[in-house]
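Residue strings, one per chain:
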Amino acid sequence: MPVPKQVIDIGARCEFNRSRSSWEFRECESFGRLSMRAKILNLKSQEVWVKEVIKSLSEFRNRRIAPLLLSIVWLCAIASVGFLWNLGNIGLVDETEPLFAEAARQMTVTGDWITPYFNGETRFDKPPLIYWLMAVAYRTLGVNELAVRLPSALCAFGLTCLGFYTLSKSKEEGRRKKEEGRQNEEEAKSPLSDTLPLGHSPNLPIFFSTPWIGAALIALNPQTIAWGRTGVSDMLLVGCMCSALLAFFLGYTLEEQREKTELSTVSASRFPNKWYLTFYVLIALAILAKGPVGIVVPALIVGSFGLYLGNFRQLWREMRPVSGILIILAIALPWYILVILANGQTYIDSFFGYHNFQRFTGVVNKHSAPWYFYFFVVLVGFAPWSIYLPVAIARTRFWQRSYWRRQPRSAQLSLFALFWFGCIFGFFTIAVTKLPSYVLPLIPAAAILVTLLWSDIIAGNESDNRRIKLEKKPNSLPRGLLATYIFNVVFLLIIAGATFYCYNWLGDDPAMPNFPQAIQQSGLLIVGGTIWITTAVAIALLLWKRQQRWILVANLIGLVAFIIFGLTPAYKVVDINRQLPLRQLAQVAVQQKLPGEEFIMVGFWKPSLVFYTQEPVTYYRAVTKAIDYIKQSKNPTSPSILLLGYPEKFVQLGLQPNQYQLLESRGAYQLARVPRQAFQ
């Protein structure tokens, strides 16, 4: 006789209740054998929650703090190698660096913080921010080379840190979105996921994390190292402008997070979010660092980026441009008003006319170059990472506009970096006057592009693309990486060869005629060339062993070794042969100079003499003009002049050895006291 269905259901329920009762009894046993089941279950849920909180705090304290400290150490290490190490151990380099240093020093002497002066004349080349920062450093550290260069070094370091933070936030958001899309919840809540640094994969060492790579590439490249150690306004502009662009992207992604959390009260605010506010403040500082270019170029980048994605109007609304313009004007405009009131049309014609408009539309100071000039500048200035830049640009698949418009904002960092790179490269390629430092602001964008490429290479995404043939999407790795790896080896061998034989190309500076022999005898060329050959061989071996992810490390180690053992000692050799003689003669001139005696330099223009003597110096390149000036000038307080020049210049002046008193001879120069009557 078949068993009725109701009997079966009753039996099943009884069995289920017995099982549940057994489980609940065991739970009661584990929590202290309490009697009330409801109270037990309630306490259990509370205790589980408390345990989770304690576990999270414990993991943060014991594990999260270690990667954070390691990241800080990493940032300080690359900043020390790139910018701070031996920063003030060599003298100021003629001809540009002493102009900024002396103008800042004269501000501290005269108390005029509005109009910059050099050698008794107004200097309207650049706005005052760099002079103000140097003057503050003088008051803190004294008037020396370290104080001159410290603002540039700190700007480079700050930019590196903000780049690290931006890449961290971008990767963190990307990882969060991937975890949200996973089907397996246990995989998304892996115990390791909460203990790793931002942008880091659980299967890779911490130095392979995206922010670590990005910080290294932003800081350790020839362009950034050179200008980060030079006391001029270029790195200050780059630090302000590029930090502003990074702040824009952080604000851009923050608005997306606001929309998801529906913070309508914040969105309706009259002011933009904190990162957009930072963007406006940094733009104002960029204008005070180098003028209108500080706002024109970022506006071009942000505008073209918004137009490409079709969200320009939305950007306009969320950025609150009226508030932003008011912030910029409040910070940058007062100095421009004061300097125009003090100097009138002279300042307008010199700064806005000559140093801005004319530099863009015409050739200034003979700085002309062909249209392809900046291709070579980026290739050399961003070496060795520049060889991966074409692949990194192709990886974005920027022509797939519909794809990019569907992506969340946090996933658009590579596209934004591409617009950043392309707008600056195109803008200064169009400009008629060309200098290598003009494209310095695109180096961080290039570093971000290459960093994101290497992030996928290290994660092994290129092998996945080979195994499964899918439609290529933006950010997928192209198949031309093997050719790029090979070119990496060839490129380093070319650099090694150029290092070995570069002494043949270094004899055209009359200020250091013995430098080729000095650099060759120092052995630094052999050391540098050997470092690059060793790096090339190491990369070839890694490629042969199919260890592509370590190629980045080999390049980085080779570059750091070259900086420490080749480049930094070479700075010292250059200083000894080129700048040290002038500093020594400046000291002699200060000691020997009579009251009212005029100091004249003939045949060349070395502004470092003004800084090191802290006295006005009269410069004449043409010998005939120097003779006319000396004959026409009347100085009853001193019948003689101090004259500095090459020995042949004394001959061209018509002076015989018995007509002047030779005070000192150093390097290619000699300093003498010449009676005025010798020119009659």
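What counts and how
Sequence positions are assigned chain by chain, starting from 1 and proceeding in written order. With pLDDT at 70 or above as the cut-off, local features in this predicted model cover only qualifying residues; side-chain atom pairs require 80 or more to be listed or tallied, and sums for whole chains, interfaces and linings still use all residues. With hydrogens and water stripped out, all remaining heavy atoms of the structure feed into the side-chain values. In DSSP terms, a helix is any run of H or I states spanning at least four residues, a strand is any run of E spanning at least two, and both are numbered starting from the N terminus. Burial classification: accessible surface area is computed with a 1.4 Å probe over protein chains only, and a residue below 20% of its type maximum counts as buried, one above 50% as exposed, and the rest as partly exposed. For crossovers, right-handed means that the path from the first strand over the helix to the second runs clockwise, given strands pointing away from the viewer. To form a nonpolar core, buried Ala, Val, Leu, Ile, Met, Phe, Trp, Tyr and Cys residues must be joined to one another through side-chain atoms within 4.5 Å. In this analysis, two residues are considered to be in contact whenever any of their non-hydrogen atoms come within 4.5 Å of each other. By definition, two strands form a pair when at least two bridges between them are found by DSSP. Convention adopted: a line fitted to C-alpha atoms gives each axis, helices being fitted over their contacting stretch, and angles between N-to-C directions are expressed from 0 to 180 degrees. In what follows, roughly perpendicular refers to angles from 65 to 115 degrees, roughly parallel to angles under 35, roughly antiparallel to angles over 145, and oblique to any angle outside these ranges. Each crossing gets its hand from how the near helix is turned against the far one by less than a right angle, where anticlockwise is left-handed and clockwise is right-handed. Amino acids are sorted into nonpolar (Ala, Val, Leu, Ile, Met, Phe, Trp, Tyr, Cys and Pro), charged (Asp, Glu, Lys and Arg) and polar (every other residue, Gly among them).

Per the secondary structure count, the chain includes 28 helices and seven strands. Taking all 680 residues of the chain together, the buried fraction comes to 50%.

Counting buried positions along strand S3 (residues 598–602) yields five of five residues, so the element is predominantly enclosed. Burial of S3 is two-sided: the residues Glu-598, Ile-600 and Val-602 facing one way and the residues Phe-599 and Met-601 facing the other way are all buried. With helix H26 (residues 608–613) bridging S3 and the parallel strand S4 (residues 618–620), this β-α-β connection has right-handed handedness.

Here the focus is the nonpolar core. Core analysis: the biggest nonpolar cluster contains 149 residues, and Phe-248, Phe-279, Trp-420, Phe-421, Val-450 and Trp-454 have the highest contact counts within it. The element that contributes the greatest number of residues to this core is helix H9 (residues 234–261), accounting for 16 residues. Setting aside anything within four residues of it in sequence, one finds Phe-279 in contact with Ala-244, Leu-245, Ala-247, Phe-248, Val-302 and Met-319. Core analysis: the second largest hydrophobic core is formed by 22 residues, Ala-511, Val-610, Tyr-619 and Ala-668 among them.

Spatially, S4-S3-S5-S7-S6 is the arrangement adopted by the five strands of the open sheet, whose pairing is mixed. Two strands bound the open sheet, and with one partner strand each, they are S4 and strand S6 (661–666). Strand-to-strand twist in this sheet, taken as the mean axis angle between neighbours without regard to direction, amounts to 20 degrees. Here S3 runs beside strand S5 (residues 640–645); their pairing, made up of four bridges, is parallel. Paired with Phe-599 across the bridge in S5 is Leu-642. Here helix H25 (residues 549–592) sits on the sheet in contact with S3, S5, S6 and strand S7 (669–675), set at roughly 25 degrees to S7. The strands that helix H27 (residues 623–632) touches are S3, S4 and S5; relative to S3, the one it contacts most, it runs at about 160 degrees.

A few words on the environment of Val-588. Looking at the element boundaries, Val-588 is found in helix H25. Judged by its relative accessible area of 14%, Val-588 is buried. With 75 residues separating them in the primary sequence, Val-588 and Leu-663 have C-alpha atoms 7.9 Å apart. Setting aside its immediate chain neighbours within four residues, Val-588 contacts Glu-664 and Leu-671.

For the pair helix H12 (residues 293–309) and helix H19 (residues 413–430), interaxial distance at closest approach is 9 Å and the crossing angle is 130 degrees. Accordingly, the angle class assigned to the pair H12 and H19 is oblique. For the crossing formed where H12 meets H19, the hand is right-handed. Packed against H12, whose contacting residues are Val-293, Val-296, Val-297, Leu-300, Ile-301, Ser-304, Phe-305, Tyr-308 and Leu-309, the element H19 presents Leu-415, Phe-416, Phe-419, Trp-420, Cys-423, Ile-424, Phe-427 and Phe-428 at the interface. A breakdown of the residues in the contact of H12 with H19 according to their chemical character gives 16 nonpolar, one polar and no charged.

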